[in-house]
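# Coordinate analysis (summary)
Each chain, written out:
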Amino acid sequence: MAHNARALKTIAIVGGGSAGWMTAAALSDALGESCAITLIESEAIGTVGVGEATIPPIRQFNQRLGIDEATFVKETAGSYKLGIQFVDWSRLGHSYFHPFGQYGAEFDTVPFYHYWMREKLAGRIEGPIDEFSMCWAMAKAGKFAHPQADRRRIQSTFDYAYHFDAGLYAAFLRKYAEARGVTRIEGRVVDATLRAEDGFIKSVTLDSGEEIEAEFFIDCSGFRGLLIEDALKAGYEDWRHWLPCDRAVAVPCAKQAEITPYTRSTAKSAGWQWRIPLQHRTGNGYVHCSDFIDEYQSTTELMTSLDGEALGDPRTLRFVTGRRRKFWDKNCVAIGLSAGFMEPLESTSLHLIQYGILRLIALLPDTQMSPLLAREYNRQTIAEYERIRDFLILHYKATTRGDSELWRYCANMAIPDSLQYKIDHFRNHGMLVADERELFANPSWIAVYLGQDIVPQRAPALAQMRDVVPVADRMRAIRDAMREAVAEMPAHADFLARHCASPLAV
């Protein structure tokens, strides 16, 4: 038991799914047996869980828990992800790739992409900057291998994440958490009792009538926010004027022969469609704005664009993009969809869960529940949501499409000053202005700026002054090294079959 008399002895997690079981797994790993952790979920409610696409930080989360990668990929019917291909976003018939890794390789004090801009604007180089991405070279060839540690090799210039079945991931983490002492209670929370003296949550009541008390509560109840909103009235900040999509219709389909090592996002008339390849099926969904398309039309568009037979009936999800005004209020923290919603355009859903959990562990309170901890948690989490928000808005704002109401609205909408400042810098002189805490680093912004036709008027000044550097020779050497490296790599499907084949992949 805890040695500190003020240490938390009981924590209750309301809701399962990815958010609940990621939280339970991480807390049980961090706290050991010093605190009794209970998770309440109802099989009847189900979860949003679809094919989930992730970004590289998920690897650190799994590593922190001591999870073996091959076992995890096998158990979740997963595949590897080198980035996202964006189709028809800037204009119809055009595509670009957002890679998990740098462009080219550094050969001078001036960054590679500065030299690329200089050569491109001078007409001395053809093709998009994608051609200097190791991730894209691998992705378009359908190859995968782990990156190498030797920074002198081109194989060190990329990173990766995963696609996996979110329901299987939750089940995988449930086994992990229960093996470390987490207690699961089957039931649906129907009410919360607040303490009269301070408004803190005292207990939650299940549909069976059972009452569960705890010193600290974590709300993983999904969009509704049973504790953070229904009980504590934390409030919600609506961002639909910047990110107008408010529906998603989702359906899996039969897998294709090639399991692509990347996610695809295809812009449609009233939103965009995702394609997430797993070992046993392909996840698909159409994220759209209900102001510009009805449910029948959006479902029809999705079902007629699948590249395999539908495996089940399509499901419609409704959401409001935005965030809670308070993520942590009194003795409750909201994690997952109860905290807010960002459409999965850049696969940030699980990252925001991960970020929330690790931030909570870093700022874990004792029974005194210092309001300073909640204040700092909220400050950091608000900043994280707003940085991601701006990156998502960029995809909608930077378009030349005028073929539908949604794209005309987005092209003309006002955007946050924080984003406009970044765009102005890049458009004027090719410079990237970023907060050091940005989730999406320079290559991500470069990918979307250039991929969506925000072209600098001139290259950064220092690149213009470094005439002595043999840039053309260096760029040729990088292209040659990439080509040779990719040729030696196994096909993605072969890599999966050899190292982490799922029993579901029949």
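All of these numbers come straight from a predicted model, not from anything done at the bench. (Residues numbered from 1 in each chain as written. Predicted model: local features only at pLDDT ≥ 70, side-chain atom pairs only at ≥ 80, totals over all residues. Heavy atoms only, no water.)

### Remarks on the pairing of strand β5 (residues 83-87)
- Counting buried positions along β5 gives five out of five residues, so the element sits mostly inside the fold.
- Residues of β5 alternate between two faces, with Gly 83, Gln 85 and Val 87 on one and Ile 84 and Phe 86 on the opposite face, all of them buried.
- Both β5 and strand β6 (residues 95-99) contribute to a ladder of five bridges, which runs antiparallel. Residue Gln 85 lies in a different strand from β6, and its bridge partner there is Phe 97.
- Summarising the sheet, β5 and strand β15 (residues 263-268) pair through four bridges and their orientation is parallel. Residue Phe 86 lies in a different strand from β15, and its bridge partner there is Ser 265. (Buried < 20%, exposed > 50% of the residue type's maximum accessible area, 1.4 Å probe, protein only. Helix = DSSP H or I, 4+ residues; strand = E, 2+ residues; numbered from the N terminus. Pairing = 2+ DSSP bridges.)

### Some remarks on the pattern of salt bridges
- Taken as a whole and assessed by the stated rule, the structure comprises 34 salt bridges.
- Its salt-bridge partner being Glu 119, residue Arg 124 comes within 3.0 Å of it at the nearest N-O pair.
- Classification of Arg 124 as exposed rests on a relative accessible area of 54%.
- Taking relative accessible area as the criterion, Glu 119 reaches 7% and is therefore assigned buried.
- Lys 140 is the salt-bridge partner of Glu 131, the closest N and O atoms lying 3.2 Å from each other.
- Taking relative accessible area as the criterion, Glu 131 reaches 23% and is therefore assigned partly exposed.
- Connected via shared salt-bridge partners are Glu 41, Glu 43, Arg 184 and Glu 186. (Salt bridge = Lys/Arg side-chain N within 4 Å of Asp/Glu carboxyl O.)

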